[in-house]
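The chain contents come next:
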Amino acid sequence: MELFSDRPGDQGLPGRQRALAMSAVMLLTIMAVFDGTMINIALPHIAQSLEVSTSAAIWVTNGYLLATVMTLALFAALAARVGFRTQFTVGLVVFVLASAGCAAATSLPMLVAMRLLQGLGGAATLSIAPAIHRSIFPNRLLGRILGINALLIATCTAAAPLLAGAMLSLLDWRWLFAINVPLGLVALLMCIRVLPNQKSDTKAPFDIAGAIWSALMLGAVIMAVEAISPSSTTPSSIDQASQQQWLRAAAFAALAIVSGVAFVRRQRRAPAPLLPLSLFSSMRFSLAALTSLASFVSQGITFVALPILFQSVYGYNALIAALLFIPWPLGIMLSAPHAGRLSDRHSPALVSTVGLLIFSLGLIALALLPAEPNVWDIAARSLLCGLGFGYFQSPNNREMLGNAPRELSSYASGVLSIVRTFGQCMGAACVGVALALLVSSTMTAQQSLPLQAEALHYSLWLAAASSVAALALSYSRTRRIRQESAAPTEAGVSRSQS
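Because the structure is a prediction, the values reported are computed rather than measured.

Asks: I would appreciate a short explanation of the environment of Val313 in the present structure.
Replies: You can see Val313 is positioned in helix α12 (residues 283–313). Classification of Val313 as partly exposed rests on a relative accessible area of 21%. Expressed as a C-alpha distance, the spacing of Val313 and Leu451, which sit 138 residues apart in the sequence, is 9.8 Å.

Structure follows, in structure tokens:
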């Protein structure tokens, strides 16, 4: 395969070692994606088994997300000091041990504690996964491997609900965690053998203050979203946020803003900042990050709004609603590998801009869904979104990583993970606000139904607007790249004329 071929001047690992390192990272990615998706489906089973309410069991999901988000920037910076192999190996060991602890949990507090620990292990590994790909593959293959990674994530996202349903029908929910143990051990053996372990030789102290401000900022965002987001387990009963909920959300939002300002000020004067702001001196990197943020806001909105729309408004059962989601990852599976190859041959910014155009058209089509659409109509519009997102994501990730200095790859990888998670959380918050503003808990189900539909369609239009904003940002960078390419040519013509 071309991915494992060697050419003179190639950076990274030789072909055979490259294959083993890629397998180790992708096996961890499979575990992380399956873990997140399947556990969400198993929440009612977990609540019944541990004799707690479903609303309390949601912290099995929220605890993992909170621990992951709060430590992404910390681990991205730490990897540059301890090395990719050391951090990935330790993070993988923590993830596997925590998975075993989740499988053995006998109470909800114990399960949530193990999920927090599992989130730390996931953050340590996933925060540097794109940087590891860059370190083991030469630049000529970077877009291709990122496209394959997007294909893998989409495949796992599509298969996870079906696999979870099959496992839960035959086995206890604990097996959803236990399956990580043998898979993790295989990945551990591979990564110890072949992962590179380059690290910086800085002697400056670690930016502890920056890590604290970063954790407070990102954690407060998650808690603000959690305060106003509708429960994914009860889509038919969206209650109006109480005054106390709004105050709680506002308090966390204020904490996020204050912490964000303090974090930026700290990064400007720290001798060895947690996130070097020089990374953003590349306009192409900054535009790629902003484009990614806006696109993941769109995806976050649709991934929360569509399940509620399918079940509460259109009246489909949970199984049909899950099946209606499959065209989206299927579209990514069809387009992501081609997008990766195209971005290695042509401008990644141009390929991702075309993908965003298709993605925007798909979101507009979803926002224009009629009152009583059939399943094929919904599937076709979702497929268009998936095709567009697949053509956008891996070329845009290549643009981000390719425009960061190689010694700052771990930091760039952390930024990529942060904007993805932050964007999805902001999207979920938008849906929660729309439902809270329009739907009242005093209404009957019949009274609230049209208002739910209105709030969800407003949310989908907001998703379309965010994707159009991402499209405008992406188009602006293609113009910038053309201008940069034309400048040397014009300078050469001037010199020859003189």
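Asks: Just to check I follow, could you spell out the nonpolar core for this structure?
Replies: Taken as a class, soluble globular proteins show a tendency for nonpolar side chains to be buried jointly. Of all hydrophobic cores here, the largest spans 95 residues; its most connected members are Phe88, Leu92, Leu111 and Leu279. In terms of residue count, helix α1 (residues 15–50) provides more of this core than any other element does, 17 residues in total. Apart from residues no more than four positions distant in its own chain, Phe88 is found in contact with Ala24, Val25, Leu28, Thr125, Ile128, Ile132, Cys191 and Leu195.

Asks: It is not clear to me how the pattern of salt bridges should be interpreted in this structure. Could you clarify?
Replies: For side chains bearing opposite charge, pairing can occur when the charged atoms are close. Per the stated rule, a full pass over the model turns up six salt bridges. Across the salt bridge formed by Arg174 and Asp172, the nearest N and O atoms sit 3.4 Å from each other. Under the relative-accessibility criterion, Asp172 is labelled partly exposed at 36%. A salt bridge links Asp207 to Arg266; the nearest nitrogen and oxygen atoms lie 2.8 Å apart. Taken together, the positions of Asp207 in the loop between α9 (180–194) and α10 (208–228) and Arg266 in helix α11 (residues 243–269) put the pair 59 residues apart, joining distant regions of the chain. Looking at Asp207, the relative accessible area reads 2%, which means it is buried. When its relative accessible area of 22% is taken as the criterion, Arg266 is described as partly exposed. What you see here is one network of salt bridges that share partners, running through Arg144, Asp344 and Arg398.

Asks: Just checking my understanding: could you explain the layout of surface pockets for this structure?
Replies: Empty space among the atoms becomes apparent when a probe as large as a water molecule is rolled across them. Approximately 490 Å³ is the volume attributed to the second largest pocket. Secondary-structure elements contributing two or more residues to the lining of the second largest pocket are α10, α11, α12 and α17 (409–438). Shared between two domains, the lining of the second largest pocket takes at least three residues from each, and those domains are domain 2 (207–271) and domain 3 (276–482).

Asks: Would you mind showing me how to read the side chain of Ser127 here?
Replies: Along the chain, Ser127 turns up in the loop between α5 (108–126) and α6 (129–136). A polar contact of 2.6 Å, which involves the side chain of Ser127, links it to the backbone oxygen of Ala123. Residue contacts for Ser127: discarding those within four places in its chain leaves Leu72, Phe75, Ala76, Gln87, Gly122, Ser410, Ser413, Gly414 and Ser417.

Asks: Any chance you could explain α17 here in plain terms?
Replies: Every α-helical turn comprises 3.6 residues, leaving residues that sit three or four positions apart pointing alike. Taking 1.5 Å per residue, 30 residues should reach 44 Å; α17 reaches 44 Å between its end C-alpha atoms and fits that length. In terms of burial, α17 is a largely internal element, 22 of the 30 residues being buried.

Asks: Please clarify how the side chain of Arg18 should be interpreted in this entry.
Replies: Within the element layout of this structure, Arg18 appears in helix α1. Look past the residues within four positions of Arg18 in its chain and what remains in contact with it is Leu3, Phe4, Ser5, Asp6, Asp10, Leu13, Ile136, Phe137, Pro138 and Leu141.

Asks: Where do I start with the packing of aromatic side chains in this structure?
Replies: The description of an aromatic ring pair uses the distance of the two centres, along with the angle that the planes make with each other. If you walk through the whole model with that rule in mind, you get seven aromatic pairs. When the centroid spacing of 5.4 Å and the interplanar angle of 80° are considered together, the rings of Phe296 and Phe389 count as edge-to-face. Here Phe296, found in helix α12, pairs with Phe389, found in helix α16 (residues 375–402); they are 93 residues apart in sequence, far enough to count as distant. Phe389 carries the same exposure label as Phe296, and that label is buried.

Asks: Explain the environment of Asp207 here, please?
Replies: Between the C-alpha atom of Asp207 and that of Gln267, which follows or precedes it by 60 residues, the distance is 8.7 Å. A polar atom in the side chain of Asp207 sits 2.8 Å from the side chain of Arg266. Among the polar contacts made by the side chain of Asp207, one reaches the side chain of Gln267 at a distance of 2.9 Å.

Asks: Sorry if this is basic, but what is going on with the packing of helix α3 (residues 59–82) against α5 here?
Replies: If you want to describe how two helices pack, look at the angle between their axes and the distance between the axes. Put simply, α3 and α5 touch, their axes get as near as 7 Å, and they point 30° apart. As judged from the angle between their axes, α3 and α5 are roughly parallel. The hand of the α3/α5 crossing is right-handed. In contact with Trp59, Val60, Thr61, Gly63, Tyr64, Ala67, Thr68, Thr71, Leu72 and Phe75 of α3, α5 contributes Leu108, Leu111, Val112, Arg115, Leu116, Gln118, Gly119, Leu120, Gly122, Ala123 and Ala124. When grouped by side-chain class, the residues that make up the contact of α3 with α5 number 13 nonpolar, seven polar and one charged.

Asks: Can you walk me through a nonpolar patch on the surface in this structure?
Replies: Residues Ile208, Ile212, Trp213, Leu216 and Leu255 make up a contiguous nonpolar surface patch of roughly 430 Å² in combined accessible area. Broken down by element, the residue count for the nonpolar patch peaks at four residues, all from α10. Classification of Trp213 by relative accessible area gives partly exposed; the value is 31%.

Cut-offs used in this document
- The residue numbering used here restarts from 1 in each chain and proceeds along that chain's sequence as written.
- Thresholds applied to this predicted model are a pLDDT of at least 70 for local features of residues and 80 or more for the giving and counting of side-chain atom pairs; totals over whole chains, interfaces and linings are not thresholded and use all residues.
- The side-chain numbers reported here are obtained from all heavy atoms of the structure, hydrogens and water having been left aside.
- Here a helix means four or more residues in a row that DSSP labels H or I, a strand means two or more in a row labelled E, and each is numbered from the N terminus.
- For every residue, the accessible area (1.4 Å probe, protein chains only) is compared with the maximum for its type, and the residue is labelled buried under 20%, exposed over 50%, or partly exposed between those bounds.
- Side-chain atoms within 4.5 Å link the members of a nonpolar core, which is a set of buried Ala, Val, Leu, Ile, Met, Phe, Trp, Tyr and Cys residues.
- Throughout, a residue-residue contact means that at least one pair of heavy atoms, one from each residue, lies within 4.5 Å.
- Criterion for a salt bridge: a side-chain nitrogen of Lys or Arg within 4 Å of a carboxyl oxygen of Asp or Glu.
- A cavity here means a set of 1 Å grid points, computed over protein atoms only, where a 1.4 Å probe fits but cannot escape. A pocket is an open set with protein on both sides within 12 Å along at least 5 of 7 lines, and lining residues have an atom within 4 Å of a point.
- Grid points are joined across faces, edges and corners, and a volume is the space filled by probe spheres set on the points.
- An automatic or database domain assignment supplies the start and end points of every domain.
- Two N or O atoms form a polar contact when they lie within 3.5 Å of each other; inside protein one atom must be a possible hydrogen donor and the other a possible acceptor, and for residues adjacent in sequence the pair counts only when both atoms belong to side chains.
- The span you would expect from a helix comes to 1.5 Å times its residue count less one.
- Any two of the Phe, Tyr and Trp rings considered here, Trp counted by its six-membered ring, make a pair once their centres fall within 6.5 Å; the pair's planes then place it as stacked at under 30 degrees, edge-to-face at over 60, or tilted in between.
- To get an axis, a line is fitted to the C-alpha atoms, and for a helix only the part in contact is used. The angle between two axes follows their N-to-C directions and goes from 0 to 180 degrees.
- Our angle categories are set so that under 35 degrees counts as roughly parallel, over 145 as roughly antiparallel, 65 to 115 as roughly perpendicular, and the remainder as oblique.
- Take the far helix as the reference: if the near one is turned anticlockwise from it by less than a right angle, the crossing is left-handed, and if turned clockwise, right-handed.
- Each residue gets one label: Ala, Val, Leu, Ile, Met, Phe, Trp, Tyr, Cys and Pro are nonpolar, Asp, Glu, Lys and Arg are charged, and the others, such as Gly, are polar.
- Patch definition: residues with relative accessible area over 30% and no salt bridge; like charges joined within 9 Å; nonpolar side chains (Val, Leu, Ile, Met, Phe, Trp, Tyr) joined within 5 Å.
- All accessible-area figures derive from a Shrake-Rupley calculation using a 1.4 Å probe, and residue coverage is judged against the displayed protein chains alone.

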